[in-house]
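Results of the structural survey
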Amino acid sequence: MFENLDPTLLARIQFTFTIAYHILFPAFTIGLASWLAVLEWRWLKTGNPVYADVYRMWVKIFAVTFGMGVVTGVVMPFQFGTNWSRFVDAGANIIGPLLGYEVLTAFFLEASFLGVMLFGWNRVSPKMHFASTVIVAVGTLISAFWILSANSWMQTPQGFRVGADGLLYPTSWLEIIFTPSFPFRFVHMITAAYLTTAFTVAGIGAYYLWRQRHVQHARVMLGMAMIMAIFIAPLQGLFGDLHGLNTLKHQPAKVAAMEGLWETRQGAPLVLFGWPDQEEETTKYAIEIPKMSSLILTHDLNGEVKGLKDWPREDRPPAVWVFWAFRIMVGLGLLMIATGVIAIVLYLKKRLFDTRWFQYWCMAVTPAGFIAVLAGWFVTEVGRQPWIVHGLMRTSDATSPVMGTSIAISLTAFIIVYVFVFGAGSYYILKLIAKGPQEAAAAYGDHGIENPPIVTKLPGIKEK
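These notes cover the structure that comes with them.

About the criteria used
Residues numbered from 1 in each chain as written. Predicted model: local features only at pLDDT ≥ 70, side-chain atom pairs only at ≥ 80, totals over all residues. Heavy atoms only, no water. Salt bridge = Lys/Arg side-chain N within 4 Å of Asp/Glu carboxyl O. Helix = DSSP H or I, 4+ residues; strand = E, 2+ residues; numbered from the N terminus. Buried < 20%, exposed > 50% of the residue type's maximum accessible area, 1.4 Å probe, protein only. Contact = heavy atoms within 4.5 Å. Core = buried A, V, L, I, M, F, W, Y, C linked by side-chain atoms within 4.5 Å.

Once that is clear, we can look at the pattern of salt bridges. Tallying each qualifying case throughout the model produces 9 salt bridges. Two residues, Asp-53 and Arg-56, come together in a salt bridge whose shortest N-O distance is 3.3 Å. Remark: Arg-56 and Asp-53 occur in helix α2 (residues 49-73); sequence separation between them is 3 residues, near one turn of the helix. Judged by its relative accessible area of 0%, Arg-56 is buried. The shortest N-O distance in the salt bridge between Asp-277 and Lys-284 comes to 3.0 Å. Members of the salt-bridge network, linked through shared partners, are Asp-277, Glu-280 and Lys-284.

The structure is reproduced here in structure tokens:
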């Protein structure tokens, strides 16, 4: 039944499925590891056992998500060899070392200290345990550095030469690692990871407050998460704008698809909503703000913005996917900023922790970070099409000479296994959340320091 299906399309679907599953876990653990480091620092500084209780609940969740991230991530390098062998043949001299550096500098570091972080409580000194948490957090950032460096090179390739054999050879590793798009992509992704963690933590904290359980712990969760929403969400908007301007310079066709623009225009309008029609080369039912696209992209009301018709049909990205994924990402980002603004108002009114409708709101936007990360990844990867290495190698020229049936069978197997792994992991995480921080802390015994001071009131937080 699969023999007439396009092997390239199936290979793309398979990689999309596996990486979409995988990216959810690093997007969460990058932010969670840093937050755990802050929690443990606050506990060491104040001696407040509430911080330790919250840490020991969330470190278990971190362990589960980290494990699922490894399981879902390990299969992707194998797909390079099975489904994308022509790309591997041509680009192995560049992509291979970058992925190898990630393993040597990040994965080994995380694996070495993760055991101390998870099992060292009461077995090593508090300062040593804190150092392990910080090292794991740094390891997640280093891992993101190398992975995004490899991806950025595929988006804006430089620092290489094409040999007589058709293979790519590095000429400057600094240029390969630090491509023009890398700084913007790295900052944008790390900030997205922090916001993903913040809104997940906020949702769980709001749930506890709504149920009137673990109130002190919930206030720590919601309060610290809202600090991120207040300060980081607006910064993410700034970083996204800078990233968009960089993309306009190096991948203008992607920006044209994001904006739903077909004609090159001065004073181009901002298309809020519509339906890009690839065949008729127009955006139907468009709701526009005059000249706003030019203002955003060129900082000039009459600035010129290129339309998709400037490129041959075969060189254009799928406009519908890019157009709508971009709007989902931006829309969720605006909701995050609005949540931070509401949190400021409620805090000034001393109602942050007891406003019921805000608790519902925080629970409702719990998955916002995950959805925004997926939408942003679709903009990045689908917007690069039809290139696997932008301007250098087409996706259709990068696949392995395999039958569609083989890819379809493995894709089906991946779906079954991933649903099982994700389902089992999610079930265990929900059980940990249901137990709460106090039951999680009870499994550890004492707090790991002599005569810890018992603090019944959190700094700056009013008791009910």
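Another aspect to go through is unusual backbone geometry. Geometrically, the link from Gln-385 to Pro-386 is a cis peptide bond, its omega value of 15° lying close to zero. Residue position: Pro-386 is located in the loop between α13 (368-382) and β7 (387-389). Here the phi dihedral of Glu-281 falls at roughly 55°; this positive angle occurs in a residue that is not glycine. When you line up the elements, Glu-281 lands in the loop between β4 (270-277) and β5 (282-289). With a phi close to 60°, Lys-350 is a non-glycine residue in the positive phi region. Looking at where Lys-350 falls in the secondary structure, it is placed in the loop between α11 (319-348) and α12 (356-364). Looking at Lys-350, the relative accessible area reads 67%, which means it is exposed.

Take helix α9 (residues 252-259) next. With respect to burial, α9 is a largely interior element, 7 of its 8 residues being buried. Every buried residue belonging to α9 is among Ala-253, Lys-254, Val-255, Ala-256, Ala-257, Met-258 and Glu-259, and all of these are buried. Looking at the packing, one finds that the buried side of α9 touches α5 (126-155), α8 (215-250), β4, α10 (292-298), α11 and α13. Just downstream of α9 lies Gly-260, where phi reads positive at about 70°.

Of all hydrophobic cores here, the largest spans 60 residues; its most connected members are Trp-35, Leu-36, Leu-39, Trp-58, Phe-62, Met-221 and Met-226. Among the elements that make up this core, the one with the highest residue count is α2 (13 residues). Excluding anything up to four places from it in sequence, Trp-58 contacts Phe-28, Leu-32, Trp-35, Leu-36, Thr-200, Val-201, Ile-204 and Met-221. Judged by nonpolar contacts, the second largest core, of 42 residues, contains Ile-23, Ile-30, Phe-182 and Val-389.

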